[in-house]
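Summary of the model geometry
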Amino acid sequence: MDSTKLVKTAHAMVAEGKGILAIDESHGTIKKRFDSIGVESSEDNRRAYRQMLLTTPDLGRHISGAILFDETLRQSTDQGVRFTKVMADAGVMAGIKVDKGAHDLAGCEHEKVTEGLDGLRERLTEYAELGARFAKWRAVITIGESIPSGACIESNAHALARYAALCQEAGLVPMVEPEVLMNGEHSLDECFEVTEATLRSLFHHLYEHNVLLEGTILKASMVVSGDRAANRASVQEVAEATVQCLLNSVPASLAGVVFLSGGQSDEEATAHLDAMNRLGQFPWPLSFSYGRALQAPSLKVWGENISANVAAAQKLLAHRARMNGLAAMGQYDATEEQAA
Ligand code: 5MM
């Protein structure tokens, strides 16, 4: 294991004022996104959409890396230039989603476990050869009546640790993503409790598997009220609860924390990140790895005319990246939203 390289890559992923663009939607998820704008999810439309995002002028200014789906890592621009080359030229590192999705967890109704460990060593070797510098694995934890179970938390944390160790063996920085879903009626306190238990289990398993935390990135969900909760917590309450939860459960040696947006609106996700960074200095940089909260405005405009609206859609992505880059430094100003 080349620890120096892993640590260097991990730090570059959370460099000051920069974060990660998550565009690793699997075929099912990108189809849902395209359905929402009335665009067919053909291989060429997916390529054209990701080309629009990845060729955004000056993308590397606020984006340190982008997480790709297998298909995208192998694709090229209209001019035949590999996306990985376009990204390297823009100073954007290539990441790759390597999990095989969340599947029903036998014996635990309404719960999921993420699969994809079989053959992972070989796949990681190929991804590294194709130019990937980091990888991502997403586990899903649902809050509901009598769930999550200990079995769900443990099995997902164990799989994340096995994946992370394999990544580091292959020279890739693992981005470990235990997403506590926002769906439900639960309170902020319930989300806090479940997130803390999940993170404690995750770091226990990472430790057991000798994963180098200095060369690992946590992709965390924020501590929020359920989307159907009676009283939803304010931006300040979310920021304080999330930071306290991380301080209770995340070792100081971890290279960095990036958040997912999980169904929050784009501006809400930015405001939450900014509020956290205004609370003070923490052992790890707090940045972003948003999918929907970075892409939503661009996706909508691109869908209105997929050939004529490329520049307009790129401008919207660049704007969201800049807003989140500022939020990662606690310098976001909501009045700047009008500048888009
Ligand atoms: C971009 O979506 C990623 C892949 O999701 P599927 O496996 O469901 O297709 C997803 O893991 C994403 O990176 C995270 O959920 C963060 O995205 P959001 O939209 O929650 O910020």
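Everything here concerns the structure above.
The rules behind these values
Residues numbered from 1 in each chain as written. Predicted model: local features only at pLDDT ≥ 70, side-chain atom pairs only at ≥ 80, totals over all residues. Heavy atoms only, no water. Axes fitted to C-alpha atoms, helices over the stretch in contact; angles between N-to-C directions. Helix = DSSP H or I, 4+ residues; strand = E, 2+ residues; numbered from the N terminus. Parallel < 35°, antiparallel > 145°, perpendicular 65-115°, else oblique. Left-handed = near helix turned anticlockwise from the far one by under 90°. Contact = heavy atoms within 4.5 Å. Nonpolar A, V, L, I, M, F, W, Y, C, P; charged D, E, K, R; others polar. Buried < 20%, exposed > 50% of the residue type's maximum accessible area, 1.4 Å probe, protein only. Pairing = 2+ DSSP bridges. Near = heavy atom within 4 Å. Polar contact = N/O pair within 3.5 Å; in protein donor to acceptor, adjacent residues only side chain to side chain. Areas by Shrake-Rupley, 256 points an atom, 1.4 Å probe, with all protein chains shown as cover. Arc of directions from axis to C-beta.

The contact between helix 3 (residues 43-54) and helix 11 (residues 292-304) brings their axes to 11 Å, and the two run at 125°. On the basis of their axis angle, the class for helix 3 and helix 11 is oblique. Remark: the crossing between helix 3 and helix 11 carries right-handed chirality. Of helix 11, the residues touching helix 3 (which contributes Asn-45, Ala-48, Tyr-49, Met-52 and Leu-53) are Gln-295, Ser-298, Leu-299 and Trp-302. Here the contact of helix 3 with helix 11 is composed, by residue class, of six nonpolar, three polar and no charged.

With that out of the way, let us pick up the pairing of strand 1 (residues 19-23). Most of strand 1 is tucked away: five of the five residues are buried. Inspection of the sheet shows strand 1 paired to strand 10 (residues 286-290) by two bridges, in the parallel sense. Bridge pairing links Ile-20 to Ser-289 in strand 10.

With respect to spatial proximity, 17 residues lie near the ligand, and among them Ser-26, Thr-29, Lys-97, Lys-136 and Ser-261 are the closest. Within the side chain of Lys-97, one N or O atom sits 2.5 Å away from an oxygen atom of the ligand. Here the ligand has 500 Å² of accessible area as a free molecule, and 91% of this is covered by the chains. Here the shell around the ligand is composed, by residue class, of three nonpolar, five polar and nine charged.

Looking now at helix 6 (residues 120-129). Given 3.6 residues to a turn, an α-helix orients residues that are three or four positions apart in the same direction. Among the residues of helix 6, Leu-120, Arg-123, Leu-124 and Tyr-127 are the ones counted as buried. The buried side chains of helix 6 occupy one side of the element, clustering within an arc of 100° when seen end-on. In helix 6, the exposed residues that point more than 90 degrees away from the buried face are Glu-122 and Glu-129. On its buried face, helix 6 sits against helix 4 (70-73), strand 3 (93-97), strand 6 (134-141) and helix 7 (150-169).

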